[in-house]
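# Summary of structural features
Next come the chains, spelled out residue by residue.
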Amino acid sequence: MTLWYLARAAGVVAMVMFTLAASLGILTSGSRKPERRFWLQYVHRSAAATGLLLLTAHVVAVIADSYVAISPTVLLWPFGAGYRPFAMAVGTLALYGLVLAAVVGAARGRLATSEAFTKHWRTIHVAASAGWLLSIGHALLAGTDRGTPWMLATTIGCLAAVAAAGAYRVRSQAARASTPLNLARAGRTR
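As a starting point, this report considers the structure included with it. (Residues numbered from 1 in each chain as written. Predicted model: local features only at pLDDT ≥ 70, side-chain atom pairs only at ≥ 80, totals over all residues. Heavy atoms only, no water.)

## Describing the packing of helix H1 (residues 2-29) against helix H4 (residues 115-142)
Here is the rule we go by: Between N-to-C directions, angles span 0 to 180 degrees; the directions come from axes that are lines fitted to C-alpha atoms, helices contributing only their stretch in contact. Counting from the N terminus, the helices are the DSSP runs of H or I reaching at least four residues and the strands are the DSSP runs of E reaching at least two. Definitions for this section: a left-handed crossing has its near helix turned counterclockwise from the far helix by less than a right angle. A right-handed crossing has that turn clockwise. Residue contacts are counted whenever heavy atoms from the two residues lie within 4.5 Å of one another. Residues are grouped as follows: nonpolar covers Ala, Val, Leu, Ile, Met, Phe, Trp, Tyr, Cys and Pro; charged covers Asp, Glu, Lys and Arg; every other residue, Gly included, is treated as polar.
Packing of H1 against H4 leaves a shortest axis separation of 10 Å and a crossing angle of 145°. In the packing of H1 onto H4, the handedness of the crossing is left-handed. Within the contact between the two elements, H1 uses Met15, Phe18, Thr19, Ala22 and Ser29 and H4 uses Arg122, Trp132, Ser135, Ile136 and Ala139. Its residues assigned to classes, the contact of H1 with H4 shows six nonpolar, three polar and one charged.

So this is what it looks like as structure tokens:
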């Protein structure tokens, strides 16, 4: 049972860390102050890296645990899993999205001189958002604790945190756009 507890704990905490990373990513891209942006990006990347380590622990523990009998082939063909194949497919797609965003994010500094890469960075980074949302779906579909009050509260809390960050960003951008200086600039460009 130790592996099963480790897998569950690592999966839940990974979801929370990816939620923190998603929330901070939303807030970072809306921030105009360089020092605030620096710290938000630092914590955003740290939370994402911690989430990836926990996700690795989750996957390794689930595969190593003989209770569920999930083989490593689930990473290539998730629908072949004997245990909740649709939930495993959702989890595997989440893994793909999160790892893709991490690899591209890690290479971002080296690729920043490429105009084509810079133009497509945000589009590629959407894989992280898709991965986060799929991880929420995986939590709701796969876990043995998915119907318990604490797990539902954790999952709903993760959704609420990202929604609140998005609402804050939209509200702050609208407020910034309606300042007298920005309204004057908008009037001059017409």
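## Notes on empty space enclosed by the protein
Over the atoms, a rolled probe matching the size of one water molecule traces out where space is still vacant. This is how it is decided: The rule is simple: put a 1 Å grid over the protein atoms alone, call a set of points where a 1.4 Å probe fits but cannot get out a cavity, call an open set with protein on both sides within 12 Å along at least five of seven lines a pocket, and count a residue as lining if it has an atom within 4 Å of a point. Grid points are joined across faces, edges and corners, and a volume is the space filled by probe spheres set on the points.
Taken as a whole and assessed by the stated rule, the structure comprises one cavity of 30 Å³ or more. The volume enclosed by the largest cavity comes to roughly 580 Å³. Listing elements by their share of the lining of the largest cavity, those giving two or more residues are H1, helix H2 (34-64), helix H3 (85-111) and H4. Among the residues making up the lining of the largest cavity, the classes are represented as 22 nonpolar, eight polar and three charged.

## Quick word on the side chain of Thr28
Applicable threshold: Each residue gets one of three labels from its accessible area relative to the maximum for its type: buried under 20%, exposed over 50%, partly exposed in between, using a 1.4 Å probe on protein chains only. Counting of polar contacts relies on pairs of N or O atoms within 3.5 Å, with two restrictions inside protein: one atom must be capable of donating a hydrogen and the other of accepting it, and residues adjacent in sequence are counted only when both atoms are side-chain atoms.
Position of Thr28 relative to the elements: it lies in helix H1. Using a relative accessible area of 5% as the deciding quantity, one classes Thr28 as buried. Within polar-contact distance, the side chain of Thr28 engages the backbone oxygen of Leu24 at 2.6 Å. In contact with Thr28, other than residues within four places in its own chain, are Arg37, Leu40 and Gln41.

## Notes on the packing of aromatic side chains
Put simply, the rule is: The rule is short: rings of Phe, Tyr and Trp, with Trp giving its six-membered ring, pair when the centres are within 6.5 Å, and they are stacked under 30 degrees, edge-to-face over 60, tilted in between.
Applying the stated criterion across every chain yields a total of three aromatic pairs. Their ring planes at 80° and their centres at 5.1 Å tell us that Phe38 and Trp39 sit as a pair that is edge-to-face. Look at Trp39 and Tyr42: their rings are 5.8 Å apart centre to centre, the planes differ by 80°, and that puts the pair in the edge-to-face class. In this pair, Trp39 and Tyr42 are both assigned in helix H2, three residues apart and thus about one turn of the helix distant. Classification of Tyr42 by relative accessible area gives partly exposed; the value is 48%. Clustering of aromatic rings is evident, with ring pairs tying together Phe38, Trp39 and Tyr42.

None of this, on its own, says anything about what the molecule does.
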